[in-house]
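Listed here are the chains, written in short residue letters.
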Amino acid sequence: MNKKLFVLLIVLMSLSLIGLIFVQSFWIKKSIDNSEEQFSSSVSEALNSITNKISERETKDYFDRYLNAKDSIGELKGTQLFNFFFIDRDVNSNEIMLYEHGILEEDYGISSTFFDNGDGVDTTIIKNLTSRRKTTIWKEDFDLEGNRFRLNPIQRIEKIGGLNKMEKAAMEEMFMVHAKRVPIHKRVSKQEIELLLQRELENRGIDIAFEYGVYSNGLPTKVKSSKFKYAETNVYKAPMFVDFEGISNFDLLISFPKKKRFLVQSILGLALLSLLFTIIIVVAYAGAIYQLIRQKQISEIKTDFINNMTHEFKTPIATINLAVEAIRNPKIIADQEKVLRYLQMIRDENKRMHAQVENVLRISKLEKNQLDISKDRVDVHEIIEDAITHVDLIVADRGGYIHTHLDAERSEVLANEMHFTNVIVNMLDNAIKYSNEAPKIDVFTERAKNYIIIKVQDQGAGMSKAVVKKVFEKFYREHTGDIHNVKGHGLGLAYVKKIVEDHQGEVYAESEKGKGSTFYIKLPLI
């Protein structure tokens, strides 16, 4: 993939993810705001309903007391009847309308304690007013000569009742004027407010703890819950006992200590679901980015591997071709010594290519768990000595050495002799390849509880910390400026790691640039 296209793809995916997270965060915040707005609206409706019910209850109490006081009175002390008349004549229809309205005032002439003012003066007067309204329409009849001879009533409407709306309003206003002089704790009780609040809030789906208080002109009264605290930002209020002029001296206040938790819980299900999907998307995005980067790295590593493989095969093939051409020369074919020499070169180069192919196939089979590894009781010290014989000539040819320090008291493990020998050979070969000068290698063994630790230490080029983390990855090779200055395909240490892990062991490395490297293998003892 083109580098610019790769970067553009990552940028676009990142912007999309950031936008998605922003939208989800905005949606959650908007949902909380809407929930709070709906909550506030419901609480305000509940408070208005409660204050109206309390006012209606107080007015009803006054009317009930008035009616009870009237019914308990004996004989009337005096009555007055007021009659109003209105006569209208329609010349066109010969109709006369008579409207009569009478008001009967019954005075019981008593003093009572209906309005207990507490001033010791008993001046209450109980009266009953009855309204009688009658409308009659008369029509004049004439004889043949045009003389009027009588009036015939053709319609009569009569209504007898109590107070009309205006009169009832006047009485309510009278009650309100008196009620203003009564202490608030006598007008409404804590139990009444608590019951109404609980009922109204539950009807609106608000089932949380609340605290309330009644304030008079900004000052607290006795009517409040024990834990109520006034705070302008977290309190809802509604006026109580509003008079006919719209003025109120009292406010009913309510607060919700667990309001935030209630609002969050109201959208918690959807918010958690949204958060879960967002996390899944983030994880999927991170995985996709990782895989893209990983695939890009693998592509580069494989390209490097193919280049190295091509270079590694190119030299043996060229050598074989030259040897074959030389043997075909009549002068050379007659010289048996030279023919044998060239044949040995062909055999060696062929073995070299075969070993390289086997190395690739072996690591491939190992990854697919197709490599048959049978384990027997073996001596680690013997395997180390055997592995050293495979590379001893190469080290000696370069003027170096391999010293052994086999100090472990016990050295028997359960392992596959062939594969574990290859492991040690690969580690030694790695130490040789990355020694710029004469290889100086030390091999140690020591016992740590029920494990044996094999340590291969060299004084070569060493590795940086970044390289140490990746050195056991397949196809990974540290670049040293010239891609072909060190032979190999980056498969040796990957093979070592696979084999050691298959033996329930551990392998790791320590290194510092310019100061050599140390590789450790830890295996369980029998």
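As a reminder, the structure under discussion sits directly above these lines.
Rules used throughout
- Residues numbered from 1 in each chain as written.
- Predicted model: local features only at pLDDT ≥ 70, side-chain atom pairs only at ≥ 80, totals over all residues.
- Heavy atoms only, no water.
- Pairing = 2+ DSSP bridges.
- Helix = DSSP H or I, 4+ residues; strand = E, 2+ residues; numbered from the N terminus.
- Axes fitted to C-alpha atoms, helices over the stretch in contact; angles between N-to-C directions.
- Contact = heavy atoms within 4.5 Å.
- Buried < 20%, exposed > 50% of the residue type's maximum accessible area, 1.4 Å probe, protein only.
- Polar contact = N/O pair within 3.5 Å; in protein donor to acceptor, adjacent residues only side chain to side chain.
- Salt bridge = Lys/Arg side-chain N within 4 Å of Asp/Glu carboxyl O.

Observations concerning the sheet that holds strand 8 (residues 250-255)
- One open sheet holds the 4 strands; their spatial order is 6-5-8-7, and the pairing between them is antiparallel. On the outer flanks of this sheet lie strand 6 (219-224) and strand 7 (235-240), each paired with one strand and no other. Direction aside, neighbouring strands of the sheet carry axes that sit 30° apart on average.
- Sheet analysis places strand 5 (residues 211-216) next to strand 6, joined by 3 bridges and oriented antiparallel. The residue of strand 6 that forms the bridge with S216 is L219.
- Across the sheet, helix 4 (residues 190-203) touches strand 5, strand 6 and strand 8, and the angle it forms with strand 5 is around 125°.

So, the pairing of strand 13 (residues 451-458)
- Looking at chain direction, strand 12 (residues 440-448) and strand 13 are connected through 8 bridges and run antiparallel. Note that in strand 13 the partner of T445 across the bridge is I454.
- Linkage of strand 12 to strand 13, two consecutive antiparallel strands, is achieved through a turn of 2 residues, within which K449 is found at a positive phi near 60°.
- As paired elements, strand 13 and strand 15 (residues 517-524) share 7 bridges and run antiparallel to each other. Looking at strand 15, one finds that Q457 is bridged to T518.

Some remarks on the sheet that holds strand 14 (residues 506-511)
- The strand order across the open sheet formed by 5 strands is 10-12-13-15-14, and the pairing between neighbours is mixed. Of all the strands in the sheet, the pair left with one neighbour each is strand 10 (401-406) and strand 14. If you compare each strand with its neighbour and ignore which way they point, the axes differ by 15° on average.
- This element, helix 9 (residues 380-397), spans strand 10, strand 12 and strand 13 of the sheet and lies at about 170° to strand 10.
- Running at roughly 170° to strand 15, helix 10 (residues 417-433) makes contact with strand 12, strand 13 and strand 15 of the sheet.

Section: the side chain of N416
- Residue placement: N416 occurs in the loop between strand 11 (412-415) and helix 10.
- By relative accessible area, which is 9% here, N416 ends up buried.
- One polar contact links the side chain of N416 to the main-chain amide nitrogen of H419, over a distance of 3.0 Å.
- Among residues more than four places away in sequence, those in contact with N416 are I373, S374, K375 and H503.

Topic: the pattern of salt bridges
- Scanning all chains against the criterion turns up 15 salt bridges.
- For R57, the salt bridge goes to D61, with nearest N and O atoms at 2.9 Å. Placement of both R57 and D61 in helix 1 (residues 3-71) is noted, with a separation of 4 residues, approximately one turn of the helix.
- The network of salt bridges with shared partners includes E45, K53, E200 and R204.

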